[in-house]
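Here is what each chain is made of, one letter per residue.
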Amino acid sequence: MRSRIFFKLLAAFVLVIAGTTVTIDFLVRRAWEGSLRQEIERNLNQKTVLFAHRVDTDRTHSLQDIAAQEGQAAGARATIIDPTGKVLADSEADASLMENHARRKEFIAALQGTLGSDERRSHTLGIPFLYVAAPVSGGAVRLAYPLSDVEAATRRVSRTLLVSSALAFLIAMLIAGIAAQYSARRLRRIVAFADRIAAGDLSARIAETSADEIGQVAAALDKTARMLEESFAALQTSQRQLETLLNSMQDAVIAVGRDGRVQWANRGMDRLVPQRTRLHAPIIETVRDPDFLTAVRGANDGMRVTSARAASIIPGRTFDVTAAPMPGGGAVAVLRDLTETERVEKTRRDFIANVSHELRTPLTSIQGYTETLLDSAPESNHAREFLEIIRKNATRMSRLTEDLLTLARVESGEQPFDIQPVAPGELLEEAAQSFREIARNQGIEFLVENSAQTPVSADREAIHQVFSNLIDNALKYGGTRRRIVLGARPLERDVEFFVRDSGPGIPFEHLSRLFERFYRVDKARSRESGGTGLGLAIAKHIVLAHGGTIRAESELNHGSTFLFTLPIVHAA
Ligand code: ADP
């Protein structure tokens, strides 16, 4: 990291330095070189004009002397020629040996009377010279100035520039190193902070004081960490509360992941299984009950709340299992111990059954003796009237005990049902047969409407009892508009049977409670018609035992309809 930042900074610096160096070298050198040349040229022009003037005026010195002196004074080579181009004197060479100079560019101009100049490489010395020639009477003079000095000076400047660049590079390297070191140290603190957060230490902070971009990033990260820490603390608190709540529950609770492994269990669950629940172990290793496992699987795979009754988790104890799917997959199951409730229920049922059973014999005896006394009692006698009342009440009591016994048997599940596939039409016909005659005698229209053909799973006798109770009610409470319709219609997985009367109907608020034991809408009416208040409760338990449902629909003055379903055979 450090070297990367360092090299990046260095590269940037080097680019800037190199760019600057090249630009300075190119522009400054050219400008400098140009002005230097101009200066030299101007100087040389003046000196040449002075030189020409001296040649024209000095009569005391020979031309050779003048050339030597002027050449030395100007720091240049001085040459004098005649109009033909022949060299008359030269400050550095023997004039007689020199070739004709008439064709030199500067001399051509000077011989024509103007100042001429040229710049070229000297044949003899091989270095560039600036030549300036001026006319004199009887020829021309010329000064030649070697430009190699200019080149040397330019090279010097370039070299200085290069050295300065190298120095700048060294300084840049130093600055880049310090800057990289500084940034890297700050970034390393951010990385260390991130590592601590990743390791779960949410109290980590960077605490950067600088306000630059790195400082801003650090402040934003610190803020995020602080918020994370707060949310996490709140989450932990609510988790602890939830755990305490679940642990204080009597019911056992266990959460299972999508993979069928135990994720969490409360103390109730630990108490239930002797070897305690093992977290992350397959659920089957903790609870082996097949009904429990099916319910959990149902919630896990089917994503719906599934209930079951598990009897083999602990021998002799029964549990009500409710498994619900969890939002992220998996399921949570609650196990409620029903053993005690069931024991109390059974005691209650047994007590009712025993009392009913015990009452049977004395009631039969009362009924028998009343009949005998009635046979011998004179027609118009008070005693006969009382005997009639005794008989009527004894019969009602006997019906009540019979109904209580039936209900206790059906409720306890002790009554074995002989479930067979039966056509709905047959069930309806059997019920109709028993009541057609009674209805006719009471002047009641009795109809059967059947649109279901698929066989249902049913115990004929038990369903006959359901129909009997419902039709009996329809006859009793059917009112004056006398019509009873018995029917069946197919649903998706069931067949729905119904018994409809055209009586006064049942107020809405009673509908949901009709199937409770001893619940009556009109107590006096029920008692008067010999009702026990148990008929619908018995019907409900029989239908539930078949896997069906039962309900009532009614509207005041528009009759009542009692509907129950039975599963069709392939669905069952
Ligand atoms: P009961 O022996 O009193 O008839 P049920 O359990 O059969 O007991 O019925 C409970 C109550 O429901 C009855 O007392 C009656 O008030 C009401 N009920 C049942 N069937 C009908 C019906 N077809 N029309 C009106 N009320 C009804």
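Above this note sits the structure.
Residues numbered from 1 in each chain as written. Predicted model: local features only at pLDDT ≥ 70, side-chain atom pairs only at ≥ 80, totals over all residues. Heavy atoms only, no water.

Engineer: Give a description of the side chain of threonine 286 that names residues and reports values.
Structural biologist: Note on placement: threonine 286 falls in the loop between helix H6 (267-272) and helix H7 (290-302). Judged by relative accessible area, which is 7%, threonine 286 ranks as buried. (Helix = DSSP H or I, 4+ residues; strand = E, 2+ residues; numbered from the N terminus. Buried < 20%, exposed > 50% of the residue type's maximum accessible area, 1.4 Å probe, protein only.)

Engineer: With reference to specific residues and values, describe the site of the ligand.
Structural biologist: Inspection of the region around the ligand gives 19 residues, with Asn473, Tyr477, Asp501, Ser526 and Thr532 positioned closest. Taking aspartate 501, its side chain carries an N or O atom lying 2.7 Å from a nitrogen atom of the ligand. Here valine 521 contributes a backbone N or O atom positioned 3.0 Å from an oxygen atom of the ligand. Within the complex, the protein chains bury 96% of what would otherwise be the 520 Å² of accessible surface of the ligand. Broken down by secondary-structure element, the contributors of at least two residues to the shell around the ligand are helix H11 (460-477), helix H14 (535-545) and strand E17 (560-567). Element by element, the count of residues in the shell around the ligand is highest for H11, at three residues. Residues of the shell around the ligand, tallied by class, amount to eight nonpolar, seven polar and four charged. (Near = heavy atom within 4 Å. Polar contact = N/O pair within 3.5 Å; in protein donor to acceptor, adjacent residues only side chain to side chain. Areas by Shrake-Rupley, 256 points an atom, 1.4 Å probe, with all protein chains shown as cover. Nonpolar A, V, L, I, M, F, W, Y, C, P; charged D, E, K, R; others polar.)

Engineer: Can you tell me about the packing of aromatic side chains, naming the residues and giving the values?
Structural biologist: Going through the model one piece at a time under the given rule, you end up with six aromatic pairs. Measuring from ring centre to ring centre gives 5.3 Å for phenylalanine 467 and phenylalanine 564, while their planes differ by 65°; the resulting arrangement is edge-to-face. Of this pair, phenylalanine 467 sits in helix H11 while phenylalanine 564 sits in strand E17, and the two are 97 residues apart along the sequence. (Phe/Tyr/Trp six-rings, centres within 6.5 Å; stacked < 30°, edge-to-face > 60°.)

Engineer: I'd like a description of the side chain of threonine 306, backed by residues and values.
Structural biologist: Structurally, the position occupied by threonine 306 is in strand E8 (residues 306-310). Take threonine 306: its relative accessible area is 14%, and that puts it in the buried class. At a separation of 3.4 Å, a polar atom in the side chain of threonine 306 contacts the main-chain amide nitrogen of alanine 299. Dropping the residues within four chain positions of it, threonine 306 is found in contact with Ala295, Gly298, Ala299, Val321, Thr322 and Ala323. (Contact = heavy atoms within 4.5 Å.)

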